[in-house]
Every structure is written in C-alpha cells, then in structure tokens.
Number of protein chains: 2
Amino acid sequence: MRIRGKQKKRQRFREMQGEFVQKPQEYKGHWNEKYFKRSAPLHIEIGTGRGQFLATMASLHPEINYVGIEKFPEVIIRAHEKKVAQNASNEALVCFDATNILEIFGESEVDRIYLNFSDPWPKKKHADQRLTSRVFLAKYRQILKPGGEIHFKTDNRQLFEFSLNTFAEMDWKLRNVTLDLHNSGFEGNVMTEYEAKFAEQGLPIYRLEALRR
Amino acid sequence: MRIRGKQKKRQRFREMQGEFVQKPQEYKGHWNEKYFKRSAPLHIEIGTGRGQFLATMASLHPEINYVGIEKFPEVIIRAHEKKVAQNASNEALVCFDATNILEIFGESEVDRIYLNFSDPWPKKKHADQRLTSRVFLAKYRQILKPGGEIHFKTDNRQLFEFSLNTFAEMDWKLRNVTLDLHNSGFEGNVMTEYEAKFAEQGLPIYRLEALRR
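Residues numbered from 1 in each chain as written. Chains lettered and ligands numbered in written order. Predicted model: local features only at pLDDT ≥ 70, side-chain atom pairs only at ≥ 80, totals over all residues. Heavy atoms only, no water.

S.K.: Describe the UniProt feature "binding site: substrate" (unreviewed entry) in chain A, and please don't skip the residues or the numbers.
M.R.: All names here are of chain A. Per the UniProt record, "binding site: substrate" (unreviewed entry) is found at Lys123, Asp155, Thr192, Glu193, Tyr194 and Glu195. Look at the named residues: they lie 73 residues apart in sequence, and the longest C-alpha span between them is 25.1 Å, so in the fold they stay spread out. With respect to the element layout, Lys123 can be found in the loop between strand E4 (110-116) and helix H5 (134-143). A relative accessible area of 51% means that Lys123 is categorised as exposed. (UniProt positions renumbered as here; feature names shortened; annotations may be inferred. Helix = DSSP H or I, 4+ residues; strand = E, 2+ residues; numbered from the N terminus. Buried < 20%, exposed > 50% of the residue type's maximum accessible area, 1.4 Å probe, protein only.)

S.K.: Any chance you could break down the environment of B:Arg212 for me, citing the residues and the numbers?
M.R.: Residues and elements named next belong to chain B. As for its placement among the helices and strands, Arg212 is situated in the segment after strand E7 (206-211). Sequence-wise, Arg212 and Glu33 are 179 residues apart; in three dimensions their C-alpha atoms are separated by 24 Å. Those residues in contact with Arg212 that sit more than four places away from it in its chain are Ser108, Arg141, Leu144, Lys145, Pro146, Gly147, Gly148 and Trp172. (Contact = heavy atoms within 4.5 Å.)

S.K.: Account for the side chain of B:Thr56, naming residues and giving values.
M.R.: Residues and elements named next belong to chain B. Position of Thr56 relative to the elements: it lies in helix H3 (residues 52-60). For Thr56, a relative accessible area of 18% gives the class buried. If sequence neighbours within four positions are ignored, Thr56 has contacts with Gln86 and Val190.

S.K.: Account for the pairing of strand E3 (residues 91-95) of chain B, naming residues and giving values.
M.R.: Residues and elements named next belong to chain B. Counting buried positions over the five residues of E3 gives four, a clear majority of the element. Across five bridges, the pairing between strand E2 (residues 65-70) and E3 is parallel. Residue pairing in the sheet places Val67 in a bridge with Ala92 of E3. You can see the chain leave E2, run along helix H4 (residues 73-86) and come back into E3, and the turn it takes is right-handed. (Pairing = 2+ DSSP bridges. Right-handed = clockwise from strand over helix to strand, strands pointing away.)

S.K.: Which residues make up the sheet that holds E4(A), and what values do they have?
M.R.: Residue and element names in this part refer to chain A. If you trace the seven strands from one edge of the open sheet to the other, you get E3-E2-E1-E4-E5-E7-E6, paired in mixed fashion. Edge positions in the sheet fall to strand E3 (91-95) and strand E6 (173-178), since each has one partner strand and no second. Averaged over all adjacent pairs, the angle separating strand axes in this sheet is 15°, with direction ignored. Bridge analysis of strand E5 (residues 144-154) against strand E7 (residues 206-211) gives six bridges, and the strand direction is antiparallel. Bridge pairing in E7 places Glu149 opposite Leu211. Strand contacts of helix H6 (residues 157-169): E5, E6 and E7, with the helix running at about 15° to E7, the strand carrying the most contacts. (Axes fitted to C-alpha atoms, helices over the stretch in contact; angles between N-to-C directions.)

S.K.: Give me the pattern of salt bridges: which residues, what numbers.
M.R.: A pair can form between side chains of opposite charge whenever their charged atoms are brought close. All names here are of chain A. What the rule picks out here adds up to 28 salt bridges over all chains. With a shortest N-O distance of 2.8 Å, Lys153 and Glu195 are connected by a salt bridge. Separated by 42 residues along the polypeptide, Lys153 in strand E5 and Glu195 in helix H7 (residues 193-200) bring together distant segments of the chain. Each of the two residues, Lys153 as well as Glu195, counts as buried. In this structure, a network of salt bridges that share partners links the residues Arg112, Glu149, Arg175, Arg207 and Glu209. (Salt bridge = Lys/Arg side-chain N within 4 Å of Asp/Glu carboxyl O.)

What follows is the structure in structure tokens.
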C-alpha cells in the first residue's frame, strides 16, 4: 500500500496509542469476556487497512464482535477515525503482525475471518507470506471453531488461483466461489476503499468462502 | 457447436457406422477385456467433438485405453478421421448421449474423465445439463474408481465458476486449479481445436482437476 506522509502519521499513531488495543496478548482466549464484556460471535479481519469494511460491518451487525488487525500504524489511524465516526463499540483495533496471530487468539475462539485484498506477494520466494498460504491456513485452523469460515476477496487473479489451490490442498470446504463478484448476484457485499476504486474500472473481483472442517 | 452441411454429414455417418462402437452397452464393465482386449488404465472423454484432443492423447499415451463419447454424428465423423490418421488402436469412439453414461460404464471402471470445453448451457433452467452439474457429478462418482480424476477445462468463466462450486458442494478434492492455463506454467497441455483458436485471441483458459474421494 502506498502511504503518504509516513513520518507525520507515525507521530500521530504514537499520540493515539491509547485508542488501540495495547497488549492484545492479554485477551487471548477471552476477547468476548475481557474486551467486549459480552458473549457474541467473534469475527476478525486480517489486514484491516483504512478500516472502511470493518467499520461498516460493525455498524450493520451490532450483534457481532469485530477485531481488526493491521500491521501498519500509518494506516490503522484511518481505521480508528472510521470506528469513531460509526460509533462502533463492537469493534476493536489492533496494530499487530498477523504472522504471530496465535499469540492473540485462543484455540477455536474465532467464528469468522475476513481477508480483503491481501498483499499478493507476487514473487514465489515470498509465497509463505501470502495470507492464504498453507502456513497461515494452518494457523487459522487453530483459532477458528470447527465449521468456522474464512471470507476472502481479491482483485488479484494470481493470488486467487493460489488460494483456491491452498484451500483445496489443506482440505477446507469451499463455498460461494465467484470469479466476478460484482456481476454474480451476491447480496450484501460491503466494499473496501480499494474495492470501490477497482470496481469503477470494471475489473473483476474474485471471492470465496472456505469452511474449516 | 455450429455444424455446416449437416444432412450430408449425417449421410456420411450412416455409411461409416461400422467405424464406431455399435452397442456400447455390451461393453459396460468390460471395456478393457472385451473391446481393447488388454488391461490398461481407462480414460474417457465426454464431448469428444472433432477428436483432436483424444487422437493426440491416444498417440502420446499408447499405454492408456481411451473412449471418446460424442452425441452428434455430424461431428464424430471428424474424430474418426483423426483416429485413422493417428492409427490409434487404443481409441474407441462412441456416438452416445452422456446423460445415459451409466448404461455404458460399470461401477469404478474408469480411471479418468476428460471434459473439454463443454457446452456452457448458460440459462439457469438448463443448469442440470451442464456436464459439471451435480446430476452428472453423481454419475461420474459411480463410474470412477476411488481416487479417479476429472480433468476439466473451459474458456467459459461462468461455467468454470459453476463447476468450482458443484465440485466443492459434492466434496470432490480440487487440484491444479488455474485461471489462465496458457500462462500458468502447466506442462503437457494438449489443445483441442477450439482451444487453439481461442488461445490465439489471448483469452484465458480455465482448468481444474477434481478427485473422487
């Protein structure tokens, strides 16, 4: 992602630290009780970016607890602004590298994972860093409940092809696969900032759901 | 498929009848012993069309027994010419409607099924007629050995999307999914007549393998 004014935004992030979950490791296995202080399905988004998707979802589904995870401080400050604008008390934001996701969620704690327009890491030597690599799928399997779902969308054909194969190899059950989301009749799609721009150009968005067996 | 000079070709088919398998029902469960008179893996193609793919495969893989099934007499006469040109004694041609495929193959008789550029039947009301509909997948499951494979390719995005979903629903194991076959690094692809024309236009070919569990 291209980020303008990085230094200034980092400074801003330091000033805002209190708005983000400081030690997410302390909530491992207990997000609902300790953080949200209520029992509800737990949905997380990995790579929340500027937070449009998560804030919209949190506002549309007050009955769900949402955790957004974003690696880059310069970006997550925008997600916080959207959370505030939507007054979303059912949304938590964590600045954290998803590589270590097992440190912050317990076994079978999560009901659903959203992956939206993840970095395609096009070089083969970086394949394990793709958020749908077998390395990551093994981690998701641990934190998801049996029958828990991954909802994944991307504009990147190569990443989608790669993901179809990793999900199949790791024996996830695929569902609602579409090769052109915006012309598929799929209802209830909430767009990310990136998706809206991309869709304007008429290029296809790929989407799938994968269920943990 | 657009067919020129239909009447003439039908006449030709009647004259050539002896070249095709007359009563394929008689070989059900016994293609290798009774027809090919040798033990070998049995691969079939449904919708053989003008037969370029099957004749090339038969010539490249003399160790495999191939059966090509094609509904239209006007088309299969061309497949016969190719079989003769390749001198392919390991290839049988059957003019038959695959809807009734259970009449001509026994349980677990087949090792592999090829579906190449099948009719997309774009209208929803015709969905069951698509060769990758759940109706057909249930039939293929019967005639394939456990671990037997379907190799499917098409230029039709909607048909491919539909097929990804039916295979997933019916719990087939997907493998080697590609959304752009000719740029995928896949080796050993044998093109159909249709595919060669299509590829010249630079349009993507979709391909997958599905394994019977």
